[in-house]
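# A look at the structure
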Amino acid sequence: VQLVESGGGLVQPGGSLRLSCAAFGFTFSRFGMIWYRQAPGKERELVAEITSTGGRTNYADSVKGRFTISRDNAKNTVYLQMNSLKPEDTAVYYCRALGHWGQGTQVTVSS
């Protein structure tokens, strides 16, 4: 299993980013996927999760209405669209599946 995140960067408050997580080494379409984040000095927290078909999603209260998780099973990729970003969204964002973690991608929200 390999998970490769991309799409992080520096963005101003109110801006948007789309993260991607490409999955390798397992039958992607059979498994749910989860995005987590970890801010400096804080514990890793669940941000959003999606079922194998994409039919159901779940979000942390702190991102509801601003973030959208989606997946493309033909591309073995899960996405996290992040809108109306706030400085408190600054963190390393990780995807997770089958007990495995990606390497993470840094998101920094700052003016």
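Please read all numbers here as calculations on a predicted model, not as lab measurements.

What follows is about the overall build of the protein chain. When helices and strands are counted, the protein chain shows 0 helices and 11 strands. Reading the protein chain from its N terminus to its C terminus gives the helix and strand order β-β-β-β-β-β-β-β-β-β-β. Scaling as 2.2 N^0.38, a compact globule of 111 residues should have a C-alpha radius of gyration of about 13 Å, and the protein chain matches this with 13 Å. Judged by the C-alpha coordinates and their principal axes, the protein chain covers about 40 × 25 × 20 Å. Put simply, of all contacts in the protein chain between residues at least 6 apart along the chain, 51% involve residues at least 24 apart. Carbon together with sulfur atoms contributes 46% to the accessible area of the protein chain, which is approximately 5800 Å² in total. Charge separation in the protein chain, taken as the distance between the mean sites of 12 positive and 8 negative side-chain charges, equals 5 Å.

Spatially, the 4 strands line up as an open sheet ordered β1-β3-β8-β7, and their pairing is antiparallel. Two strands close off the open sheet at either side, each with one partner strand: β1 (2-6) and β7 (67-72). Averaged over all adjacent pairs, the angle separating strand axes in this sheet is 15°, with direction ignored. Bridge count between strand β3 (residues 17-24) and strand β8 (residues 77-82): 6 bridges; the pairing is antiparallel. Across the sheet, C21 pairs through a bridge with V78, a residue of β8.

Applying the stated criterion to the full structure yields 4 salt bridges. With its nearest N and O atoms 2.9 Å apart, the salt bridge here joins R37 to D89. Highlighted residues: R37 in strand β4 (residues 33-38) and D89 in the loop between β8 and β9 (91-97), separated in sequence by 52 residues. Of the two residues examined, R37 and D89, each falls in the buried class. For K64, the salt bridge identified is with D61, shortest N-O distance 3.2 Å. Here K64 falls in the partly exposed class, since its relative accessible area comes to 48%.

Right, let's get into the packing of aromatic side chains. By the definition in use, this model includes 4 aromatic pairs. Aromatic side chains F26 and F31 sit 6.0 Å apart centroid to centroid with 65° between the ring planes, which places their arrangement in the edge-to-face category. By relative accessible area, F26 is classed as buried at 14%. Take F31: its relative accessible area is 28%, and that puts it in the partly exposed class. When the centroid spacing of 4.8 Å and the interplanar angle of 65° are considered together, the rings of Y36 and W101 count as edge-to-face.

For the rest of this paragraph, the subject is the nonpolar core. Counting 29 residues, the largest nonpolar core has M33, W35, L80, M82 and Y93 as the members making the most contacts within it. Contributing elements (two or more residues each) for this core: β3, β4, β5 (45-50), β7, β8, β9 and β11 (105-109). What M82 contacts, discounting residues up to four positions off in sequence, is G15, S16, L17, L19, R66, F67, Y93 and V107.

Here is what the cut-offs are and how they apply
- Residues numbered from 1 in each chain as written.
- Predicted model: local features only at pLDDT ≥ 70, side-chain atom pairs only at ≥ 80, totals over all residues.
- Heavy atoms only, no water.
- Helix = DSSP H or I, 4+ residues; strand = E, 2+ residues; numbered from the N terminus.
- Rg over C-alpha atoms; globule rule 2.2 N^0.38 Å.
- Contact = heavy atoms within 4.5 Å.
- Areas by Shrake-Rupley, 256 points an atom, 1.4 Å probe, with all protein chains shown as cover.
- Lys, Arg positive; Asp, Glu negative; His and termini not counted.
- Charge placed at Lys NZ, Arg CZ, Asp CG, Glu CD.
- Pairing = 2+ DSSP bridges.
- Axes fitted to C-alpha atoms, helices over the stretch in contact; angles between N-to-C directions.
- Salt bridge = Lys/Arg side-chain N within 4 Å of Asp/Glu carboxyl O.
- Buried < 20%, exposed > 50% of the residue type's maximum accessible area, 1.4 Å probe, protein only.
- Phe/Tyr/Trp six-rings, centres within 6.5 Å; stacked < 30°, edge-to-face > 60°.
- Core = buried A, V, L, I, M, F, W, Y, C linked by side-chain atoms within 4.5 Å.

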